[in-house]
Structures are given as structure tokens and as C-alpha cells.
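Each chain is listed here by its residues.
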Amino acid sequence: MSDSTSPLTSDLDDSSWRQVADWLSGTDIEFAEISGPEWHVRMSRETSYLPKQTFDTSVRTPQQGSLVAARVRKVVVTAALAGIFLDRHPLRSSPLVKSGASVRQGEIVGLLRLGSVLAPVISPIDGVMAGNLVISGALVGFGTELLEIRAGER
Amino acid sequence: MIEVLSTGALSTVQDMGRTSYRRFGVGTAGAMDQLALAIGNLLVGNSPDAAGIEVPVLAFQVRFLVDIDFAITGADCAIDLDGKTLLPWWQCRAKAGQVLTLGGDGCGFAAGARSYLLIAGGVDVPEVLGSRSTQMRGRFGGHLGRALVEGDQLKTGALSDPSQRLDSKGSQTSIAGFGIVPPVVALDASSFFDASAAESVPVTPVRVIPAAEYGAFDAAVAREFWEANWKITAQSDRYGYRLAGPALNLTTSLETRSHGVVPGVIQVPPGGQPIIQMRDAQPSGGYPKIGTVIEADLWRLAQSPAGSRIRFVAATYSQGLAASRMASEYLNKARHLISLYRSMNV
């Protein structure tokens, strides 16, 4: 959240993020996800399953616990609709993006199949494919975490 | 509006064809792979029978002169929009000035024989005898009654349903477009053909209903008809597919008067090498007919390139109808899901 140049969080300034963090710290909510058209931020208590090093900075609140927010180094891409997650096109034998490969913002990194329609799963950032969080062929609901993209170059 | 920059072969404007004038000797023409044409049209919000461009798998390049939604269906070959590779059976929006290239370099995995370029609003060429299809033999319909050449500019029609136009919210997801599970997956041949029973060479099975003169062939010859892996020869095109395989000879020669012939009819001329009539076939012929490829499998033939092998699988009339119903169901479901997806805010 210190990096105001990040394309992910540019819609909200640092003080806004701090305020959201403060609000959350007074609740039992374990995590909150906030999305814009081009970005997705997951805020969580430190006990959350996400490895600590995925966050750039942490904010100590006056109360207990620490809430951390992003400049997200790792972006979790979630399902925009319910469907079958596919890591490859039905006509292809290899995945759209292999783990460790570079991806560009806007690139199709997976597919969600609704019946016969194939909807794209898009990388919100330039980065590196860190891996799928669900297996190809799995039925996923709205908001299911599908895959992770690590920001930056390979 | 789009402009043809280069075309390697007989790329033509086609719709579902001219079906009401066969009695006057006018062949149907129309897209060889009608399922690909229909799905591509649905992907861009057109009615399934709007006119598109049929592109034999060879380099083909167009420039979009306006911002417009387009789809590529049919053969699975390299699809490139200004340096960006697109998925097969996919639609997205082109910006004015962008260049779409089909085939060309890197088309190593081409599967199929014909691609279809569909554009929102359809290709706007004059309707002749109820169709925009290019009638090559008669030199009418399509774009000036001929195959496309470099420099041709094609207008696009108005969208039949403006609500089908992709909105311009410009989210990355809407820019990326969307696709459809292709018929080769959704309607795969495993329901009527056990590929493991076939020889080592890949074959495309197509279902065939025995035709009027089937009984005139000896049982042994008929068996060869069903059991051979027929090679599609280089002398195969939109008029007809000439096949190579065992000679299907009649024991006694048969004289038939010329009669009506439709796409899918398998004729056996003297010499015994069968010919399957395709979309540009003339509407009558006199050779003995051993069978007819069911309408629901004509797209499989359309996507079988010269040099590939096909196999005939015996089918009944009711099986042919059932196969047509399955194809319609696939289309109808696709139509509903496409409009559902378009209405979603993703």
C-alpha cells in the first residue's frame, strides 16, 4: 500500500486502504476482497492461509493483530462466474499458460466453461504464472480462487 | 467494412445456400461447414444464417476498416490479430486498422480444411435468388459472383438485434472476447464410431444412409464400401470429393436417367472410385448412388482436407434425423448460453 504507482491499487489511495484495514480490525472478519475492473485486492489477518511474503507492507493498528493489504505481489485471480475451470482450450493438449511462464495484463490464462460457452480468465497484471489453485475440469463457483500470478518479470 | 489484403485460394462469401431453386437447375452453394458458419454468426450476435467468408486453410489476411466484432470458426489454424494469437472458435472485437491473419507461418497444427470469418452484421452483399452465397459455376451471388481477391472491400450489414452488440464497457474480460466448445468436441464421433477399432491412420467417420442403387452392388463390394479407409484425393473441392480406395464395380452396368442430387450423395462413376457431391455440385446427375452422407455429418466432410481419410458408417434414416436433432440442440444451447453470457456483467 505504500506504492501508489501500482496499477492494482491506483484507484484507492493509501489512507483509504488504511481506513478499510482499521474497520476490519474491529471485526471478526478474517478477510475481505475488493475488486475493480483491473485489480483485485485481498485483505486478511496475518493468520490467513496466504503466505506473509505475498504482502509488501503490513499495517499495525492501535488494537491487536495486524492487517495487511497490498501492494500485492501475488494476485489471486478468481472466477467471475460459475463454471468448469479449464487450464487449456478443448482443442489443445497443452495449457494456455504453463507455470512459470510470463503473462501480460489482459492475457487469457484460463477458461471458464458454462455449457458450451468458453469465457476467458484474464491476468490482471503483467507477471509470471505462479500456478493453478484448482485443477482443470473442476466445477467452481463465483469468486473461487483459480490461479495466482506473481507480479514482475520472470 | 473489411478489406482483403491477401488470399491464397478460393475464399468466398457464403451463407446457408440457395435451396429453393434446385428445380430450375441452380445449385445450392453455401458454406461447406454450416455448423461453423452458424456458430460463428451466433458468437457475433448475428442470426445463424448471415453471410460470412469461407477461407480454405491457406494464408488469408484482412484489415478491419471499422471497429467491429468478429469470430473465427471452422478449421483450427493459426489466428493472429495484429500480433496477438487468438484461440480457435473465438470472437472478439477488432479495432479499425487491425489486421487479421489466418494460417500463414506457425500453422503447424492446422486441423480441418476451412475457416470461417464472421463479422457482426454479416457480409453485406446483394441477395441473389434468396442467398448471398457465391455461385461459382453461375458466377453470381457473393461478392461480384467470384472468389475474393486482394483489395476487395466488403461492407457489413446492420445487426439484426442491436442489443447483441457487445457493449463498450471495455473491461479486459470483454476485450478478450469469448469462445465456444467446437463441434468436433461437443459432437464427437465416439457415439457412432469406435476409433480404437480403426486402423492406425486417423480417419474421420461419417454416417451414410444406403441410397437407391446400393442394392445393385455385390455384397462383397458393399462390404468394401463400409470397411475401406477412403482417401480424399487432391481432386476434391467445393463441387465434390473424389475418393480413392477399392474399386466399387457393378457386376452389370446400370443406366440411370439424370435425377436430383443433393450435397452428400455418393455417386459411383464407371471406374468405381466414388465421388461425394458437395455444396457447389450441380443439382442433377446420372451416376449410380451407393449412399448419402447424412446432413448432420456434412461438416465433418467439409473439414476433412485432401489427403485425409474418411470412413463410412452405416446409418438409418431415423439415425440421420436423430443426428440432425443433436446438432440443432448444440446450436440452440449455444445460442442461449451466448446471449446469457453477453448479458452478464463480466
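Use the structure listed above.
Please read all numbers here as calculations on a predicted model, not as lab measurements. (Residues numbered from 1 in each chain as written. Chains lettered and ligands numbered in written order. Predicted model: local features only at pLDDT ≥ 70, side-chain atom pairs only at ≥ 80, totals over all residues. Heavy atoms only, no water.)

Section: the overall build of chain B
In terms of regular secondary structure, chain B is built from six helices and 21 strands. Here the C-alpha radius of gyration of chain B, 20 Å, is about what a compact globule of 346 residues would show, namely 20 Å. Dimensions of chain B, computed from C-alpha atoms along their principal axes, come out at roughly 70 × 45 × 35 Å. Relative to its full complement of 346 residues, chain B shows a buried share of 54%. Contacts in chain B between residues at least 24 apart in sequence constitute 76% of all its contacts with a sequence separation of at least 6. A total of about 14,600 Å² of accessible surface is found on chain B, and carbon and sulfur atoms cover 52% of it. Treating the 30 positive side-chain charges of chain B as one cloud and the 30 negative ones as another, the clouds have centres 4 Å apart. (Helix = DSSP H or I, 4+ residues; strand = E, 2+ residues; numbered from the N terminus. Rg over C-alpha atoms; globule rule 2.2 N^0.38 Å. Buried < 20%, exposed > 50% of the residue type's maximum accessible area, 1.4 Å probe, protein only. Contact = heavy atoms within 4.5 Å. Areas by Shrake-Rupley, 256 points an atom, 1.4 Å probe, with all protein chains shown as cover. Lys, Arg positive; Asp, Glu negative; His and termini not counted. Charge placed at Lys NZ, Arg CZ, Asp CG, Glu CD.)

So, the overall build of chain A
Assigned secondary structure in chain A consists of one helix and twelve strands. Listed N to C, the secondary structure of chain A is α-β-β-β-β-β-β-β-β-β-β-β-β in terms of helices and strands. Taken across its 154 residues, chain A has 46% of its residues classed as buried. For chain A, long-range pairs separated by at least 24 residues make up 55% of all intrachain contacts whose partners lie at least 6 apart in sequence. When the accessible surface of chain A is totalled, it reaches about 7,500 Å², and 51% of it is carbon and sulfur.

Let's talk about unusual backbone geometry
Residue and element names in this part refer to chain B. Positive phi, close to 50°, is recorded for Asp82, a residue that is not glycine. Looking at where Asp82 falls in the secondary structure, it is placed in the loop between strand S6 (79–81) and strand S7 (84–85). Unlike most non-glycine residues, Leu129 shows phi in positive territory, near 50°. Within the secondary structure layout, Leu129 lies in the loop between strand S10 (111–119) and strand S11 (153–154). Residue classification places Leu129 among the partly exposed positions, given a relative accessible area of 35%.

Here's the deal with helix H4 (residues 219–227) of chain B
Residue and element names in this part refer to chain B. Looking at H4, one finds that the buried residues are Val221, Ala222, Phe225 and Trp226. Viewed along the axis of H4, the buried residues span an arc of 140°, placing them on a single side of the element. Tucked inside the fold, the buried residues of H4 contact strand S13 (203–210), strand S14 (230–232), strand S17 (265–267), strand S20 (289–293) and strand S21 (309–314). (Arc of directions from axis to C-beta.)

As for the side chain of Ser236(B)
All names here are of chain B. Among the structural elements, Ser236 can be located in the loop between S14 and strand S15 (240–244). Polar side-chain contacts of Ser236 include one of 3.1 Å to the backbone nitrogen of Arg242. For Ser236, the contacting residues outside a window of four places in its chain are Tyr241 and Arg242. (Polar contact = N/O pair within 3.5 Å; in protein donor to acceptor, adjacent residues only side chain to side chain.)

Points about the packing of helix H1 (residues 34–43) of chain B against helix H6 (residues 317–343) of chain B
Residues and elements named next belong to chain B. Their axes nearest at 9 Å, the elements H1 and H6 cross at an angle of 15°. One element, H1, and the other, H6, form an angle in the roughly parallel class. H6 is crossed by H1, and the crossing has right-handed handedness. Of the residues in H6, those in contact with Leu35, Ala38, Ile39, Leu42 and Leu43 of H1 are Ala327, Tyr330, Leu331, Ala334, Arg335, Ile338 and Arg342. (Axes fitted to C-alpha atoms, helices over the stretch in contact; angles between N-to-C directions. Parallel < 35°, antiparallel > 145°, perpendicular 65-115°, else oblique. Left-handed = near helix turned anticlockwise from the far one by under 90°.)

Quick look at the nonpolar core
Core analysis: the biggest nonpolar cluster contains 97 residues, and Phe64(B), Phe70(B), Leu100(B), Leu117(B), Ile276(B) and Phe312(B) have the highest contact counts within it. Excluding residues that lie within four positions of it along the chain, Phe312(B) makes contacts with Val206(B), Val208(B), Phe225(B), Trp226(B), Trp230(B), Leu243(B), Ile266(B), Ile276(B) and Val293(B). Within the second largest apolar cluster, ten residues are counted, among which are Leu86(A), Ile108(A), Trp90(B) and Val181(B). (Core = buried A, V, L, I, M, F, W, Y, C linked by side-chain atoms within 4.5 Å.)

Here's the deal with the environment of Ala302(B)
Residues and elements named next belong to chain B. In this fold, Ala302 is placed in helix H5 (residues 298–302). Classification of Ala302 by relative accessible area gives buried; the value is 0%. In sequence terms Ala302 and Val268 are 34 residues apart; their C-alpha atoms lie 20 Å from each other. Not counting the four nearest positions on each side in its chain, Ala302 is found in contact with Met32, Asp33, Ala113, Arg114, Tyr241 and Met278.

A look at the pairing of strand S12 (residues 145–151) of chain A
All names here are of chain A. A large share of S12 lies buried, amounting to five of its seven residues. As paired strands, strand S5 (residues 74–78) and S12 are joined by five bridges and run antiparallel to one another. Note that in S12 the partner of Val77 across the bridge is Leu147. Inspection of the sheet shows strand S10 (residues 127–132) paired to S12 by five bridges, in the antiparallel sense. Bridged to Gly131 within S12 is Glu148. (Pairing = 2+ DSSP bridges.)

Details of the sheet that holds strand S9 (residues 99–102) of chain B
All names here are of chain B. A sheet is described by the order of its strands in space; here six strands give the open sequence S7-S6-S9-S4-S1-S11, paired in antiparallel fashion. The sheet is open, and its two edges are formed by S7 and S11, each paired on a single side. Across five bridges, strand S1 (residues 2–7) lies against strand S4 (residues 60–64) in antiparallel orientation. Along S4, the bridge assignment pairs Ile2 with Phe64.

Details of the interface of chain B and chain A
Each partner contributes to the interface: chain B provides 23 residues, whereas chain A provides 23 residues. Along the contact surface separating chain B from chain A lie one salt bridge. Asp76(B) is the partner of Arg92(A) in a salt bridge, and the nearest nitrogen-oxygen pair spans 2.6 Å. Joining chain B to chain A, the criterion identifies four residue pairs in polar contact (both at pLDDT 80 or more). Looking at the side of chain B that touches chain A, the elements with two or more residues in it are helix H2 (172–176), strand S12 (178–180), helix H3 (183–186) and H6 of chain B. (Salt bridge = Lys/Arg side-chain N within 4 Å of Asp/Glu carboxyl O.)

Note that all results are geometric; they support no functional claim without further evidence.
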